[in-house]
Number of protein chains: 2
Amino acid sequence: MADRDPKISNPNVTTGPIRGSKKIYVEGKGGIRVAMREVHLEPSSGEPPVPVYDPSGPYTDPDATIDIQAGLPELRRDWIRDRGDVEEKTQRAVKAEDNGQLGPDRSGGVQPFPNVRRRVLRAKPGANVTQMHYAKKGIVTPEMEYVAIRENLGREQALDTPRDGESFGAEIPDFITPEFVRDEVARGRAIIPANINHPEAEPMAIGRNFLVKINANIGNSAVASDVASEVDKMVWATRWGADTVMDLSTGRNIHDTREWILRNSPVPIGTVPIYQALEKVGGIAEDLTWEIFADTLIEQAEQGVDYFTIHAGVRLPYVPMTAKRVTGIVSRGGSIMAKWCLAHHRESFLYEKFEEICEIMKAYDVSFSLGDGLRPGSIADANDEAQFAELYTLGELTKKAWAHDCQVMIEGPGHVPMHKIKENMTKQLEACDEAPFYTLGPLTTDIAPGYDHITSAIGAAQIGWYGTAMLCYVTPKEHLGLPDRDDVKVGVVTYKLAAHAADLAKGHPAAKVRDDALSRARFEFRWRDQFNLSLDPDTAEQYHDQTLPAEGAKTAHFCSMCGPKFCSMKITQEVRDFAAKQNSELGTQRLDDADAEKGMAEMSEKYREGGSELYIPPRQ
Amino acid sequence: MADRDPKISNPNVTTGPIRGSKKIYVEGKGGIRVAMREVHLEPSSGEPPVPVYDPSGPYTDPDATIDIQAGLPELRRDWIRDRGDVEEKTQRAVKAEDNGQLGPDRSGGVQPFPNVRRRVLRAKPGANVTQMHYAKKGIVTPEMEYVAIRENLGREQALDTPRDGESFGAEIPDFITPEFVRDEVARGRAIIPANINHPEAEPMAIGRNFLVKINANIGNSAVASDVASEVDKMVWATRWGADTVMDLSTGRNIHDTREWILRNSPVPIGTVPIYQALEKVGGIAEDLTWEIFADTLIEQAEQGVDYFTIHAGVRLPYVPMTAKRVTGIVSRGGSIMAKWCLAHHRESFLYEKFEEICEIMKAYDVSFSLGDGLRPGSIADANDEAQFAELYTLGELTKKAWAHDCQVMIEGPGHVPMHKIKENMTKQLEACDEAPFYTLGPLTTDIAPGYDHITSAIGAAQIGWYGTAMLCYVTPKEHLGLPDRDDVKVGVVTYKLAAHAADLAKGHPAAKVRDDALSRARFEFRWRDQFNLSLDPDTAEQYHDQTLPAEGAKTAHFCSMCGPKFCSMKITQEVRDFAAKQNSELGTQRLDDADAEKGMAEMSEKYREGGSELYIPPRQ
């Protein structure tokens, strides 16, 4: 960090194409251009390019000009304005405490973003600008169009292969239409986090009938960091596949840091506003007030945050339920609210003012991520009374938010042994009426610090399969320290593979396309294609030991020359016995022992003549 | 490798205690001393030491003298001889081809082990020395005693906590008795791999009513290696928790390398004898004969190999079933046998001579690991006809082996998407009558080379939960290159955590003890204890960022001062309403609004007086 310029005159963000793939844009109605990547295979394979889902934004497009001081182009600018339901207003003046001036400066000294919008958008009085509101009115927005094209990825290619999977009640269509997206958003089963003040973001959906998404957390909390590395962590995380990024920064300069991130982010950004509100009151939970919190929501909504974690389910009566826990309350937001509740011995202001929060959310289309402040922090505390009491309250709040046409997802645990994971999903679907579930892991054991990306990937893959719509990543540093760049990458790739394993198991129509292409490349020793098709081509190549024998391509299996009928039908003793007994019935299929022996000898000869190889090299 | 002395005059193997733990020996009947480790916690915790399962042998005992040129002490020597059913014979003379003289020397030049036994053991004529044979006769062997003590680990501590888990039909007792071990071995539901010529190994059980075990593969195949690094890889793998080790060496000096490994291994060693047999015929599969194979079995049985992978289920009629696969036959042993079958167009000699193989196995108590030569090598090929045809043949062979009182486990896949994993376990239990299942992963997606320890840990944890008894590890180098020391460690720790996640989910009575101890340490900021209780204390400490704020110990939750009753019963509006309606019924529990408000104000005051913290520091 020492060698970085804290003034970010020219910060280093990672740009350039991901190895072996090309940025493409698929055209939709009204000039919509949906970003994807295509992996091109060796011409010898005779295979079409493999399209892959790509949240990396313009950074991986060699034709794009990247200037993080200017920010990304405003992809959604006209879509938002053309709806005619927003008005410009002057941005709320930045206050000293917005940048956490009360705490020590651990940020490395962040300059304000040079290109701050002085005029921001909000809904016209009486208007509601949420995607859910449009959806309920039957309007298919460009955002929904974008999502449909994005999600269809490779489905045309896969249409002729039979569906295969166990979706636990999810209703995944063969093909995603914009109308399907609209319907899912209208009934609350999916959200499109898309603040009207974050027009730079490429629309994406979170819902159990769409591909499983992943979130990466970044933030300058707790230890020294700087804005350049936070912006790069966001770019870096989306490069490897993060579908959304949560900025969990605390301390100094968080308002300015967030502005840098938002203006440069191609993915939706989430935050936990209570963190900043707490900074504003000098870290004293009991000094928090509804007014300070509401002002923080407006501050962040105007900047363009796409979803807010709101721990409105941590109610006073639930706090004592955590007293007997092994690890108490582990959510930071949960602890803050529990302290507030205890200090005042009053019901949480988040719970009591929930309708007012909805009013703010719908004026900007900020989605709710209803926080699980009482999630278990250990195997011992999984699925307890406190956790489920909160979950059912989140269900109650979901219905309140939906009454305002606010988009909602629900956060979930945490630490859960495998046999208790399903119950989390089942109860969530029931309590929250299929609002998308967004879980952290869960970690399936507590005994492997340093490997919690793995203990949690095991749980994440399962809960993703059962129906969780987005998985919040865990890095190897979980419980131990703050993730660096490498940890962020390992966390993202680990969660991408868990999400993909879930997609395969759910039977997403085109999920197998990439696996099959990679497996064919593996079988045919097309190393380059194998690397390029993998989630992390650089690591795959680096691990590939050049001393391994270079084997030639192999394609046809010897047995495909005569097909399986010959051997399997003719040689087993059982079948011979059967044939002997049923000679008359078998009719022309009859083959006696001598004939069989002769046939076998011929096939043996043929095999040896072909070079005695199971697989026959191409064009031999 | 360049700086290692190929003569191994003083090879470097890793010795010394694992950080934060102490080797202990629990005494059993007849002077049996069962090795375990104990993690001692900070005295401030007031908690007892946590016992952990420990396959690392004498290498982690500071009181043991390690001399790898002499080999380990013969723990089981007297147990074996005292049964009176073995006789000494001169070891089969080492032939030039045993060391693979036909291939290129990639071994770095291995000296013969200096302490080779010239006299080896085998069963007296007509005798059967398998643990299953004793078990069926009702004899509880010292090996079974050892296993019982080893598996009981911490169960006394856990006896008062209720069992919690979903075991899918496994019958895990609260407490393991030697008689229980005997019964499980007798009915074939568990094996104790324990060749009479490997008396150095500490007895362990593989079966679904015992703790889930893991295997690590080592071997000098394909690239340069040397015996010192192979011995150390074995020691290193067991240090981190490998319960068995498979030596998959090929090429030159494999006989001598195996001798070094066996004489120094505290865990059962498995091999795939067909690999060595193939070396003996210059790598030409069709030149393999039953005689060469049988001679190889005897060679390895006399050395002390504890289990043999035998691909006897790869039958000629099944080979064509793989012709349409995306990745054909990926098992090396499977390919060898498929080639042999096709070259001769005859049934596999392993299948036809199976009874003769049993005769050899039972003379040394080598356990069968019936190989899955037709396992799927890609998501596309999972659960196909070829795979299950072979599985049912393995079931048929299990019964044949059991008729000889031979111990058997069954190998399983491979690459399987999550929704198809359960079927593997269900079919295996049915086809093989609950003989222990031993799977490689399975990998749950193909698209993450470089991360296949993780793609497979997801599958391994699940199949372990469903009933698989041993999980064969996968390292990050899978599909790409040969694992180095770091990869071996990452693979072992990853599989330990997957196996432990499975134990937790199955409801093994004491599995939670370690999780709970670590979670309490985490909650109370006992960092040292947290590191020491983890699977990899060194990495945990290394990742622990010293810049993180040192927080003080927290113990009691504020709410435990008045218990959950107060808030949860008294403040919710629902309860107040209910109380108003049912005043008469509630009787003494009645509390009116004014009383409630007063009580709340008092609690608020009390909380602030206590420092406004959720958790109260100890002894304040």
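Residues numbered from 1 in each chain as written. Chains lettered and ligands numbered in written order. Predicted model: local features only at pLDDT ≥ 70, side-chain atom pairs only at ≥ 80, totals over all residues. Heavy atoms only, no water.

As recorded in an unreviewed UniProt entry, chain A goes by the name Phosphomethylpyrimidine synthase, listed as coming from Sphingomicrobium clamense. In its Pathway (unreviewed entry) section, the UniProt entry covering chain A states "Cofactor biosynthesis; thiamine diphosphate biosynthesis." Per UniProt, chain A carries the Sequence similarities (unreviewed entry) text "Belongs to the ThiC family." (UniProt positions renumbered as here; feature names shortened; annotations may be inferred.)

A.B. asks: Just checking my understanding: could you explain the side chain of Lys-420 of chain B for this structure?
C.D. replies: Structurally, the position occupied by Lys-420 of chain B is in the loop between β13 (408-412) and α14 (421-431). Of the residues examined, Lys-420 of chain B reaches a relative accessible area of 17% and is grouped as buried. Among the polar contacts made by the side chain of Lys-420 of chain B, one reaches the side chain of Asp-164 of chain A at a distance of 2.9 Å. Setting aside its immediate chain neighbours within four residues, Lys-420 of chain B contacts Asp-164 of chain A together with Ala-382 and Asn-383 of chain B. (Helix = DSSP H or I, 4+ residues; strand = E, 2+ residues; numbered from the N terminus. Buried < 20%, exposed > 50% of the residue type's maximum accessible area, 1.4 Å probe, protein only. Polar contact = N/O pair within 3.5 Å; in protein donor to acceptor, adjacent residues only side chain to side chain. Contact = heavy atoms within 4.5 Å.)

A.B. asks: Would you take a moment to explain the interface of chain A and chain B for this structure?
C.D. replies: Facing the 110 residues of chain A at the interface are 111 residues of chain B. Joining chain A to chain B, the criterion identifies 4 salt bridges. One salt bridge in this structure joins Lys-420 of chain A and Asp-164 of chain B, with 2.9 Å as the shortest N-O distance. Put simply, chain A and chain B have 30 residue pairs in polar contact (both at pLDDT 80 or more) between them. Secondary structure elements with two or more residues in the side of chain A that touches chain B: α10 (332-344), α15 (452-466), α16 (485-506), α17 (511-523), α18 (527-533), α19 (537-543), α20 (565-570) and α23 (593-609) of chain A. Of the residues contributing to the side of chain A that touches chain B, the split by class is 55 nonpolar, 33 polar and 22 charged. (Salt bridge = Lys/Arg side-chain N within 4 Å of Asp/Glu carboxyl O. Nonpolar A, V, L, I, M, F, W, Y, C, P; charged D, E, K, R; others polar.)

A.B. asks: Got a minute to help me understand α17 of chain A in this structure?
C.D. replies: In an α-helix, one full turn covers 3.6 residues, which means residues spaced three or four apart are oriented alike. Residues and elements named next belong to chain A. Over its 13 residues, α17 runs 19 Å from end to end, which matches the ideal 18 Å to within 8%, given 1.5 Å per residue. Most of α17 is tucked away: 11 of the 13 residues are buried. Buried within α17 are the following residues: Ala-511, Val-513, Arg-514, Asp-515, Asp-516, Ala-517, Leu-518, Ser-519, Ala-521, Arg-522 and Phe-523. Note on α17: the residue one or two positions beyond its end, Phe-525, has a positive phi of about 55°. (Expected span 1.5 Å × (residues − 1).)

A.B. asks: I keep staring at the packing of aromatic side chains and nothing clicks. Help me out?
C.D. replies: Centre-to-centre distance and the angle between the planes together describe a pair of aromatic rings. Tallied over the full model, the rule gives 28 aromatic pairs over all chains. Ring centres of Trp-340 of chain A and Phe-349 of chain A lie 5.0 Å apart, and the angle between their planes is 80°; on these two criteria the pair is classed as edge-to-face. Of the two residues, Trp-340 of chain A and Phe-349 of chain A, both sit in the buried class. An aromatic cluster of three or more residues is present, and its members are Trp-290, Phe-293, Trp-340 and Phe-349 of chain A. The side chain of Arg-485 of chain A reaches across the aromatic face of Trp-236 of chain A, ending 3.7 Å from its centre. The lysine or arginine in question, Arg-315 of chain B, covers the ring of Tyr-351 of chain B, its NZ or CZ lying 4.0 Å from the ring centre. (Phe/Tyr/Trp six-rings, centres within 6.5 Å; stacked < 30°, edge-to-face > 60°. Lys NZ or Arg CZ within 6 Å of the ring centre and 35° of its normal.)

A.B. asks: So what exactly am I meant to see when it comes to the UniProt feature "binding site: [4Fe-4S] cluster" (unreviewed entry) in chain A here?
C.D. replies: Mapped onto this structure's residue numbering, the UniProt feature "binding site: [4Fe-4S] cluster" (unreviewed entry) falls at Cys-559, Cys-562 and Cys-567 of chain A. Look at Cys-559 of chain A and you get buried, because its relative accessible area is 2%. Those residues within four positions of Cys-559 of chain A in sequence are excluded, and the remaining contacts are Val-319, Pro-320, Ala-323 and Leu-342 of chain B.

A.B. asks: Mind showing me how you'd approach the packing of α16 of chain A against α17 of chain A here?
C.D. replies: Any two packed helices are characterised by the angle at which their axes cross and by the distance between the axes. Residue and element names in this part refer to chain A. Orientation of α16 relative to α17, taken along the N-to-C sense of each, is 110°, at an axis distance of 8 Å. The pairing of α16 with α17 is recorded here as roughly perpendicular in orientation. Where α16 approaches α17, its residues His-500, Asp-503 and Leu-504 are matched on the opposing element by Ala-511, Lys-512 and Asp-515. Split into classes, the residues belonging to the contact of α16 with α17 amount to 2 nonpolar, 1 polar and 3 charged. (Axes fitted to C-alpha atoms, helices over the stretch in contact; angles between N-to-C directions. Parallel < 35°, antiparallel > 145°, perpendicular 65-115°, else oblique.)

A.B. asks: Got a minute to help me understand unusual backbone geometry in this structure?
C.D. replies: Most peptide bonds are trans, and most residues other than glycine sit at a negative phi. Residue Gly-414 of chain B is reached from Pro-413 of chain B by a cis peptide bond, and omega for that bond is 10°. Structurally, Gly-414 of chain B is set in the loop between β13 and α14. The residue after Gly-441 of chain B, namely Pro-442 of chain B, is reached through a cis peptide bond having omega 10°. In this model, His-479 of chain A sits at a positive phi of 75°, which is unusual for a non-glycine residue. Within the secondary structure, His-479 of chain A sits in the loop between β15 (470-472) and α16. Exposure remark for His-479 of chain A: the relative accessible area of 25% places this residue in the partly exposed category.

A.B. asks: Help me out: how do you make sense of the environment of Arg-150 of chain A in this one?
C.D. replies: Residue and element names in this part refer to chain A. Here Arg-150 is to be found in helix α3 (residues 142-152). Note on Arg-150: relative accessible area 4%, which makes it buried. Residues Arg-150 and Ser-367, spaced 217 residues apart in sequence, show a C-alpha to C-alpha distance of 20 Å. Other than its neighbours up to four places away in sequence, Arg-150 contacts Val-34, Ala-35, Met-36, Tyr-53, Asp-54, Pro-55, Glu-202, Pro-203 and Met-204. Engagement of the side chain of Arg-150 in a polar contact is seen with the backbone oxygen of Asp-54, the distance being 3.1 Å.

A.B. asks: Quick question: what am I supposed to make of the sheet that holds strand β3 (residues 50-52) of chain B here?
C.D. replies: Across a sheet, strands are paired by hydrogen bonds formed along the backbone, either parallel or antiparallel in direction. Residues and elements named next belong to chain B. Strand order across the open sheet formed by 3 strands is β1-β2-β3, with antiparallel pairing between neighbours. Looking along the sheet, the strands with just one partner apiece sit at the ends: β1 (21-27) and β3. The sheet shows a mean angle of 40° between the axes of neighbouring strands, direction not considered. Bridging between β1 and strand β2 (residues 33-39) involves 7 bridges; their strand directions are antiparallel. Residue pairing for β2: Val-26 is matched across the bridge by Val-34. Helix α3 (residues 142-152) contacts β1 and β2 of the sheet and is inclined by roughly 10° relative to β2. (Pairing = 2+ DSSP bridges.)

A.B. asks: Is there a simple way to explain the packing of helix α8 (residues 273-280) of chain B against helix α10 (residues 332-344) of chain B in this structure?
C.D. replies: Residues and elements named next belong to chain B. Where α8 meets α10, the closest approach of the two axes is 9 Å, and the angle between their N-to-C directions is 50°. Taken together, the axes of α8 and α10 are oblique relative to one another. Here α8 runs over α10; the crossing is left-handed. Contacts between α8 and α10 pair Ile-274, Tyr-275 and Leu-278 from the former with Arg-332, Gly-333, Ile-336 and Met-337 from the latter. Taken together, the residues of the contact of α8 with α10 break down into 5 nonpolar, 1 polar and 1 charged. (Left-handed = near helix turned anticlockwise from the far one by under 90°.)

A.B. asks: Explain the relation of the copies chain A and chain B to me, please; I cannot follow it from the model alone.
C.D. replies: Mapping chain A onto chain B leaves a residual RMSD of 0.0 Å; the transformation is a rotation of 180° accompanied by 0.0 Å of translation along its axis. Between the two chains, the operation in question is that of a two-fold axis. Closest approach to the rotation axis among the C-alpha atoms of chain A is made by Ile-458 of chain A, whose C-alpha sits 2.3 Å away. Mapped onto chain B, 100% of the interface residues of chain A again fall at the interface, so both copies present the same surface. (Least-squares fit on C-alpha atoms with pLDDT ≥ 70 in both.)

A.B. asks: What should I look at first to understand the sheet that holds strand β2 (residues 33-39) of chain A in this one?
C.D. replies: All names here are of chain A. Pairing is antiparallel across the open sheet formed by 3 strands, whose spatial order is β1-β2-β3. Looking at which strands have only one partner, the edges of the open sheet turn out to be β1 (21-27) and β3 (50-52). Strand-to-strand, the axes of this sheet are offset by a mean angle of 40°, without reference to chain direction.

A.B. asks: Before we go on, may I ask you to explain the environment of Ile-139 of chain B in this structure?
C.D. replies: Residue and element names in this part refer to chain B. Tracing the sequence through the fold places Ile-139 in the loop between α2 (131-136) and α3. Between the alpha carbons of Ile-139 and Ser-56 there is a distance of 28 Å; along the sequence they are 83 residues apart. Those residues in contact with Ile-139 that sit more than four places away from it in its chain are Tyr-134, Met-144 and Arg-182.

A.B. asks: Just to check I follow, could you spell out the side chain of Ser-265 of chain B for this structure?
C.D. replies: All names here are of chain B. Position of Ser-265 relative to the elements: it lies in the loop between α7 (254-263) and β10 (269-271). On the basis of relative accessibility, which here comes to 0%, the residue Ser-265 falls in the buried class. Of the polar contacts made by the side chain of Ser-265, one reaches the backbone oxygen of Val-267; its length is 2.7 Å. Contact partners of Ser-265, with chain neighbours within four places excluded, come to Leu-72, His-198, Glu-200, Ala-201 and Met-234.

A.B. asks: What is the right way to read the pattern of salt bridges from this model?
C.D. replies: Pairs may arise between side chains of opposite charge once their charged atoms sit close together. In the structure shown here, the tally under the stated rule is 106 salt bridges over all chains. A salt bridge links Glu-524 of chain A to Arg-526 of chain A, with the nearest nitrogen and oxygen atoms 3.2 Å apart. Of the two residues, Glu-524 of chain A and Arg-526 of chain A, neither departs from the other in class, the shared state being buried. Taking the shortest distance from any N to any O, the salt bridge between Asp-54 of chain B and Lys-23 of chain B comes out at 2.6 Å. Placement of the pair is Asp-54 of chain B in the loop between β3 and α1 (77-82) and Lys-23 of chain B in strand β1, with a sequence separation of 31 residues.

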